Amino acid sequence: MDRRFKARLEARFADQLTGPIRQRHDETEMRIGAGDVVSVITALHDESAFRFQFLSDLAGVDTGHVMQVVYHLWSDTTPDWLRVVADGLSRDDPRVPSITFLWKGAEWMEREAYDMFGITFEGNRDLRRIYMPPDYTSFPLRKDFFLPDDSSRSPGGGVRHMEQTHAPAGAEPHARVRRATAG
């Protein structure tokens, strides 16, 4: 953990943070609002104290209450990876500014988050489905998405084979054998 890096982030972005900066192993995480994405990401990219020139990943997240966009960045100014979480996006109409003006490769990642979560990246010139058919109306990685066969989850409907739980080896089966032989 690079504690000096954490201090630089806190000093520079104090007004834009929506929570404490967290560090674990070689990763630092900061949370910001969706309206601050352009200013914060641009500063992280352009300012010499940070120089985050590499966007490793961009992903959508559905917490069940709000939507998020998570950016994973790398810089040669710190040994820590930086995770920037744009937090608190509305589940009804999740929107965040595009960062394709900094990284052209973000276009593909933003399209994926749009296709799977329904997050609109304002300013992305090619925001369309990437995996699902163009006329598909749902978003498969959202918490409220159910497959047509999810009726098997109803009470009395049974459990699909892939959802059956299994006890750890050597734990529960012996207890069942002892109960069966004792009775």
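Residues numbered from 1 in each chain as written. Predicted model: local features only at pLDDT ≥ 70, side-chain atom pairs only at ≥ 80, totals over all residues. Heavy atoms only, no water.

> Please explain the nonpolar core as it appears in this structure.
Soluble, globular proteins show a tendency: their nonpolar side chains are buried together. Ranked by size, the top nonpolar core spans 35 residues in total, and within it Met30, Leu44, Tyr71 and Val96 carry the most contacts. For this core, the elements supplying multiple residues, two or more each, are helix H1 (3-13), strand S2 (27-33), helix H2 (37-46), strand S3 (54-62), strand S4 (67-74), strand S5 (81-89) and helix H3 (106-117). Once residues within four sequence positions are removed from consideration, Leu44 is found in contact with Leu9, Phe13, Met30, Phe50, Arg51, Phe52, Leu73, Leu82 and Val84. (Core = buried A, V, L, I, M, F, W, Y, C linked by side-chain atoms within 4.5 Å. Buried < 20%, exposed > 50% of the residue type's maximum accessible area, 1.4 Å probe, protein only. Helix = DSSP H or I, 4+ residues; strand = E, 2+ residues; numbered from the N terminus. Contact = heavy atoms within 4.5 Å.)

> It is not clear to me how the packing of H1 against H2 should be interpreted in this structure. Could you clarify?
Orientation of H1 relative to H2, taken along the N-to-C sense of each, is 135 degrees, at an axis distance of 12 Å. It follows from the interaxial angle that H1 and H2 lie oblique. Crossing hand, H1 versus H2: right-handed. On H2, the residues touching Leu9, Arg12 and Phe13 of H1 are Val40, Ala43 and Leu44. For the contact of H1 with H2, the per-class residue count stands at five nonpolar, no polar and one charged. (Axes fitted to C-alpha atoms, helices over the stretch in contact; angles between N-to-C directions. Parallel < 35°, antiparallel > 145°, perpendicular 65-115°, else oblique. Left-handed = near helix turned anticlockwise from the far one by under 90°. Nonpolar A, V, L, I, M, F, W, Y, C, P; charged D, E, K, R; others polar.)

> Please explain the pairing of S5 as it appears in this structure.
Every regular strand shows the same layout, with side chains that alternate between the two sheet faces. Looking at chain direction, S2 and S5 are connected through seven bridges and run parallel. Bridged to Gly33 within S5 is Asp87. As paired strands, S4 and S5 are joined by six bridges and run antiparallel to one another. Within S5, the position partnered with Met67 by the bridge is Leu89. (Pairing = 2+ DSSP bridges.)

> What is the right way to look at the pairing of S4 in this model?
Most of S4 sits out of view: six of its eight residues are buried. Taken together, the eight bridges between S3 and S4 define a ladder with antiparallel strand orientation. Bridge assignment links Asp62 to a residue of S4, and that residue is Met67. Counting the residues that bridge the hairpin from S3 to S4 gives four residues, and of these Gly64 lies at a positive phi of roughly 100 degrees. The turn joining S4 and S5, which pair antiparallel and follow one another in sequence, is formed by six residues.

> Explain the side chain of Asp80 here, please?
Among the structural elements, Asp80 can be located in the loop between S4 and S5. Buried within the structure, Asp80 lacks any salt-bridge partner; its nearest side chain of opposite charge belongs to Arg3, at an N-O separation of 8.2 Å. Polar contacts involving the side chain of Asp80 include one to the main-chain amide nitrogen of Asp2, which spans 3.2 Å. For Asp80, the side chain forms a polar contact with the side chain of Thr28, separated by 2.7 Å. (Lys, Arg positive; Asp, Glu negative; His and termini not counted. Salt bridge = Lys/Arg side-chain N within 4 Å of Asp/Glu carboxyl O. Polar contact = N/O pair within 3.5 Å; in protein donor to acceptor, adjacent residues only side chain to side chain.)

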